[in-house]
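Residues per chain, in single letters:
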Amino acid sequence: MKRIPVHHAALVVLLALLAGGCSKEKDRFLNRAYHRLTSRDNGWFNANEKLKETVAGIERSYQDDYDKVLPIFVYGTEEQSKGAGGDLEKCIEKCSLVIERHSMDIKGKQRNSWIDDAYFVIGRSYFYKRAWFDAQRTFDYIGRRFKDQNRQYEAKVWLARTLMETEQYARAQSTLDEVKEVKELPKRFPHDELAAVQADLDLRRGKVDDAIMNLERAVDITKDRQRRVRWTFILAQLYQAKGMDDRSIAAYKQVTRMNPPYELAFHAQVFQALAFDRGDSKALRKMLTRMLRDEKHEDHFDMIHYALADIDLKENKDSSAIAHLKRSAYVSTNDTRQKAKTWLRLADLYFDDRAYPDAQLYYDSTSTLLAEEHPRYEEVATRAEVLGELVEQLNIIAREDSLQQLAGMEPEEREKAIKRLIREREKAEAEKEAAEREAREAEASGTAAPARPATPAGGGSGAWYFYNPQQLGRGLSEFKKKWGNRPLEDDWRRRDKGGSAVAEEEPEEATEETAEGKDGEGKDGEPEWKDPGFYLKDLPTSDTALAASNAMICEAMYRSGMIYKEKLKDTDNAIESFETLINRFEECRFTPESHYQMYRIYLAREKSGSVIDFGGSTSQAYANIILERWPDSEFARLVRDPSLLEGGEARRKVEAAEYDQLYREFRQRNYLLVIGTCNQVIANEPRNHLLGKYHLLKAMAIGGTRELSAFRTALLEVKDKFPATEEAKAAEDLLAVLDRQAASEGAPSGQEKAPANASSFRVDQGPHYIALIHPNSSGDVNTVKTRISDFNRRYFPGRNILIENTILDAEQQVVVLRLFDDKAAAMAYYQQFLSDVGMLSGINDQGHPIFAISPDNYAQLYKNKDVDAYAAFFTQNYLPKQ
């Protein structure tokens, strides 16, 4: 008998054992060892390493916003999540395969100790994909299914993190409390992470003191160097927010000694200065000055100067602070957020000092950089607008005073004055050219030139108009061409935009050329301001012209006074404006109103006890003047019975609030709602003090629907019903735009060019809807809306997506989902909507048109009903890019 070799027999036995070990149903040592080994070393290890690599990439590419308290954990942005989606999906697939092939669920107990680790990788992968529902479900399953195993309590911590992302804070706290109540946690449980997650939750719930306590514990026990550095920096920010300046500075210093990444190290140094509040600033100034000499900080010089300005302000060195802030803006390179902070700080300083023209410059410039979600965005935009109105009135006063002063001189004296103006203008131009040359040379050599203050947008009441080249270019050279011989009229209007700290306004496009050349140029190509005749134009030398000039000054003084009083709440400057008007003009259109405003100001001060009567101005004194000089006026009636005004003011406040709410609807492009509400107000509230604004808002909403003929008709109605008002002026400007547009398209003025075809849609990157065409024959539309709502709750739990339906025509309806921030967000939803194979079955697979659409295009589609045309437009302009 032939004997079998020993090594062959051993091989057969080994194969038999391995074959037996492959079974998932037998609870034997060999079976457990085999499945545990292959689970760990094949699927789980590779997936876990891939997940760590992906998360590290997200953290590296994440851009921290140092204007806010840094996030304790970095989860990345939605865009980063999408970019990492492929790698995260691979992690999910690998671990799902591990579970499928190696799970040993025997008699209700999992015998493979690596299965909970596989689920844990899957849960974290869903988390970083921002698939919150799937992550929550996975972590919850681990916590319930794998009791007393390694990952049970870690999964609960991650469940709390997931619940926090969906703003379920109470449930997140309950979950963390469950973990804290466990007497003995696994040996390798991350206690530092538990404390940090609790701190994160405290911050989100506004409990800063509790967050500090928990984050301090996390910093003390963590062994991860990167986490310790980041968490210490956040602790310093929290100390600073709570006014614990000494602890904040100490924590920032501690960060600098931890060998942190560059951005953290730099901000830790600068923030020491920003946290400084009292004491000796010499060491901080020395540190910041040394940083200015280090070229590696060149892109952050603006922040360093801002920090120096902050120290100056805390030590009441306002002039030095303003110089540093202007230098900060000058040397700024690519950090627009810091530039916005600098400009806003300058604007606030000038505003507090009541230097309103300078404040207007910087508020206007800030508004161009500030994000709409910034907490002060509306305030900044409002101040820029209000101060722009004020500066416009101050410019009118300065211009007319300068013209009158020059007109009142003797010819020889006037000639000398003009020559002096030309010399001073030449000197100013030379200085400007030298500064520009210096700036170019500094830029070429890589050194920062000194910052120069921005040119104010207009002079005050004592400013000499001809010293301001910008106002000369925009005012005198165009004034007579625009207005001709100025008649003395009550409702004379002129609008002149204020300046900006960003750049000087470009001159208006020349519409005609004279024998002397283009606007701004004199003979032989010389600047117009070098010609003495330039200063003689528009001088009010006749009685009629002088009366017209005085009427303009009187109106500008009154309007500036009302801006001070009503919009800026600056009664001191309001009193100065009204008193100047009263003393200068014995009888102009606004003299009675100015007396009444003085009466109201002093009456309010007397009621509050904030005025002392030294025998001068009192409310009674102005009341007596009104009753004596204008006894039959509306102002006299209000003085006799102040309750009439109180009732009217209350009504106007309600009307203003209602209008503001409707205007917000207009900003959201809810044009049909706006039109309907405006019609109701116009029909039912003829005494509404904002009736003109309602007519104009209605016209603008009609324009939003792109019904151009109806838009023109509505604008003409505003112009005819409310002549000589701001609304009429706005309507005239819009009509002029329509006329120019019609002329450029070859249509006669007043007649809009017909669209070339029904599908005149436009590509828009802004807000979007998702539209689903639903034929009436396809069943109840409410069922469709309910299922879409369920889909949204599962996959977009944090989004408030409104679902509406409306009749498109006799055969079909349109279901509209709104509002998505932009085209990209709408298309991301569109892709997930189409790819769903479960919840939307029977909705997204029936061949009915589904598309993303901008509000303007939706209005056009609703008007022309041409679904096929828009579907073709959508395919051509949206799908190829996805």
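On a predicted model such as this, the values are computed, not experimentally measured, just so you know.

**Notes on the overall build of the protein chain**
In step 1: Scanning the protein chain from N- to C-terminus turns up 35 helices and six strands.
In step 2: Restricting the contact set of the protein chain to residue pairs at least 6 apart, pairs at least 24 apart contribute 63%.
In step 3: Here the protein chain displays about 46800 Å² of accessible surface, and carbon together with sulfur accounts for 49% of that area.

**Section: unusual backbone geometry**
In step 1: With an omega of 10 degrees, the peptide bond between Arg818 and Leu819 qualifies as cis.
In step 2: When you line up the elements, Leu819 lands in strand S5 (residues 812-820).
In step 3: Of note, the phi angle at Arg130 is positive, near 65 degrees, even though the residue is not glycine.
In step 4: Structurally, the position occupied by Arg130 is in the loop between helix H5 (115-128) and helix H6 (132-145).
In step 5: Relative accessible area serves as the criterion here: at 29%, Arg130 is assigned to the partly exposed category.

**Points about the sheet that holds strand S4 (residues 802-807)**
In step 1: In spatial order, the strands read S4-S5-S3-S6; together these four strands make up an open sheet with antiparallel pairing. The open sheet has two free edges, formed respectively by S4 and strand S6 (850-853), since each of these has just one partner strand. Averaged over all neighbouring strand pairs, the angle between strand axes comes to 25 degrees, with direction disregarded.
In step 2: In this structure, strand S3 (residues 768-775) lies alongside S6, joined through four bridges in antiparallel fashion. Following the sheet pairing, Ala771 is matched in S6 by Phe851.
In step 3: Helix-sheet contacts for helix H35 (residues 867-877) involve S3, S5 and S6, and the interaxial angle to S6 is about 75 degrees.

**With respect to the pairing of S3**
In step 1: For S3, the tally of buried residues reaches eight of eight residues, placing the bulk of the element in the interior.
In step 2: Burial along S3 is two-sided: the residues His768, Ile770, Leu772 and His774 and Tyr769, Ala771, Ile773 and Pro775 are all buried.

**Topic: the environment of Tyr262**
In step 1: Within the secondary structure, Tyr262 is located in helix H13 (residues 262-275).
In step 2: Tyr262 sits 35 residues away from His297 along the chain, and the two C-alpha atoms are 9.8 Å apart.
In step 3: Setting aside chain neighbours within four positions, we find Tyr262 in contact with Lys296, His297 and His300.
In step 4: Polar side-chain contacts of Tyr262 include one of 2.9 Å to the side chain of His297.

**What about the pattern of salt bridges?**
Opposite charge on two side chains allows them to pair when their charged atoms are near.
In step 1: Scanning all chains against the criterion turns up 46 salt bridges.
In step 2: Residue Asp134 is joined to Arg137 by a salt bridge in which the shortest nitrogen-to-oxygen separation is 3.0 Å. Of this pair, Asp134 and Arg137 both sit in helix H6, three residues apart, roughly one helical turn.
In step 3: A residue is classified by how much of its surface remains accessible, and Asp134, at 13% relative accessible area, is buried.
In step 4: A salt bridge links Lys242 to Asp209, with the shortest nitrogen-to-oxygen separation between them at 3.5 Å. One end of the pair, Lys242, is in the loop between helix H11 (225-241) and helix H12 (245-256); the other, Asp209, is in helix H10 (residues 208-221), with 33 residues separating them in the sequence.
In step 5: Residues joined in a network through salt bridges with shared partners are Arg161, Asp192, Glu193 and Arg227.

**Thoughts on the state of the cysteines**
In step 1: Enumeration over the complete set of coordinates arrives at one disulfide.
In step 2: Paired by a disulfide, Cys554 and Cys588 hold their sulfur atoms 1.8 Å apart. Of this pair, Cys554 sits in helix H22 (residues 543-567) while Cys588 sits in the loop between helix H23 (571-584) and helix H24 (591-608), and the two are 34 residues apart along the sequence.
In step 3: Assessed through its relative accessible area of 1%, Cys554 is described here as buried.
In step 4: Residue classification places Cys588 among the buried residues on the basis of a relative accessible area of 16%.
In step 5: With no disulfide of its own, Cys91 lies 7.1 Å from the sulfur of Cys95, the closest cysteine sulfur.

**Notes on the side chain of Asp202**
In step 1: Here Asp202 is to be found in helix H9 (residues 191-204).
In step 2: Of the side chains with opposite charge, Lys207 comes closest to the buried, unpaired Asp202, at an N-O distance of 5.5 Å.
In step 3: Non-local contacts of Asp202, meaning those with residues more than four positions away in its chain, are made with Gln173, Lys207, Asp210, Ala211 and Asn214.

**Considerations on a negative patch on the surface**
In step 1: Residues Glu78, Glu79, Asp821 and Asp822 make up a contiguous surface patch of negative charge.
In step 2: Among the secondary structure elements, Glu78 is positioned in helix H3 (residues 78-83).

**Topic: the confidence of the model for the protein chain**
In step 1: For the protein chain, the mean per-residue pLDDT works out to 78, and 80% of the residues sit at or above 70.
In step 2: In this model, residues 8-19 is a region of pLDDT below 50 whose contacts with residues beyond four sequence positions or in other chains number two contacts.
In step 3: For residues 751-758, every residue scores under 50 in pLDDT, and the model assigns this stretch 13 contacts once sequence neighbours within four places are set aside.

**Things to note about helix H32 (residues 781-795)**
Side chains three or four residues apart in an α-helix point the same way, a direct result of the helix having 3.6 residues per turn.
In step 1: In this model, H32 (15 residues) spans 21 Å end to end at C-alpha, consistent with the 21 Å of a helix rising 1.5 Å per residue.
In step 2: Those residues of H32 lying buried are Val781, Val784, Lys785, Ile788, Phe791 and Asn792. The buried residues of H32 all sit within an arc of 120 degrees when viewed along its axis, so they share a single face.
In step 3: Next to the buried residues of H32 lie S3, S4, S5 and helix H33 (823-835).

**Thoughts on the packing of helix H7 (residues 152-165) against H9**
In step 1: Axis separation between H7 and H9 bottoms out at 10 Å; the angle between their running directions is 20 degrees. It follows from the interaxial angle that H7 and H9 lie roughly parallel. Regarding H7 and H9, the two cross each other, and that crossing is left-handed. Across the interface between the two elements, Val157, Trp158, Arg161, Met164 and Glu165 from H7 touch Glu193, Leu194, Val197, Asp200, Leu201 and Arg204 from H9.
In step 2: The residue makeup of the contact of H7 with H9, split by class, is six nonpolar, no polar and five charged.

**What to know about the packing of H11 against H13**
In step 1: Contact pair H11 / H13: the axes reach a minimum separation of 11 Å and the direction vectors enclose 15 degrees. One way to sum up the angle between H11 and H13 is to call them roughly parallel. Where H11 crosses over H13, the two elements pack in a sense that is left-handed. Contacts between H11 and H13 involve Val229, Arg230, Phe233, Gln237 and Gln240 from the former and Leu264, His267, Ala268, Phe271, Leu274 and Ala275 from the latter.

**A short note on the packing of aromatic side chains**
In step 1: For the coordinates displayed, the defined rule picks out 48 aromatic pairs.
In step 2: Measuring from centroid to centroid gives 6.5 Å for Tyr659 and Tyr663, while their planes differ by 20 degrees, and the two rings are stacked. Separated by four residues within a single helix, Tyr659 and Tyr663 lie in helix H27 (residues 643-667), roughly one turn from each other.
In step 3: On the numbers, 5.7 Å between centres and 50 degrees between planes, the contact of Phe761 with Phe873 is tilted. Of this pair, Phe761 sits in the loop between helix H31 (726-744) and S3 while Phe873 is found in helix H35, placing the two residues 112 residues apart along the sequence. Considered together, Phe761 and Phe873 belong to a single accessibility category, that of buried residues.

The rules we used
Residues numbered from 1 in each chain as written. Predicted model: local features only at pLDDT ≥ 70, side-chain atom pairs only at ≥ 80, totals over all residues. Heavy atoms only, no water. Helix = DSSP H or I, 4+ residues; strand = E, 2+ residues; numbered from the N terminus. Contact = heavy atoms within 4.5 Å. Areas by Shrake-Rupley, 256 points an atom, 1.4 Å probe, with all protein chains shown as cover. Buried < 20%, exposed > 50% of the residue type's maximum accessible area, 1.4 Å probe, protein only. Pairing = 2+ DSSP bridges. Axes fitted to C-alpha atoms, helices over the stretch in contact; angles between N-to-C directions. Polar contact = N/O pair within 3.5 Å; in protein donor to acceptor, adjacent residues only side chain to side chain. Salt bridge = Lys/Arg side-chain N within 4 Å of Asp/Glu carboxyl O. Disulfide = S-S within 2.5 Å. Lys, Arg positive; Asp, Glu negative; His and termini not counted. Patch = residues over 30% accessible without salt bridge, like charges linked within 9 Å, V, L, I, M, F, W, Y side chains within 5 Å. Charge placed at Lys NZ, Arg CZ, Asp CG, Glu CD. pLDDT = per-residue confidence, 0-100. Expected span 1.5 Å × (residues − 1). Arc of directions from axis to C-beta. Parallel < 35°, antiparallel > 145°, perpendicular 65-115°, else oblique. Left-handed = near helix turned anticlockwise from the far one by under 90°. Nonpolar A, V, L, I, M, F, W, Y, C, P; charged D, E, K, R; others polar. Phe/Tyr/Trp six-rings, centres within 6.5 Å; stacked < 30°, edge-to-face > 60°.

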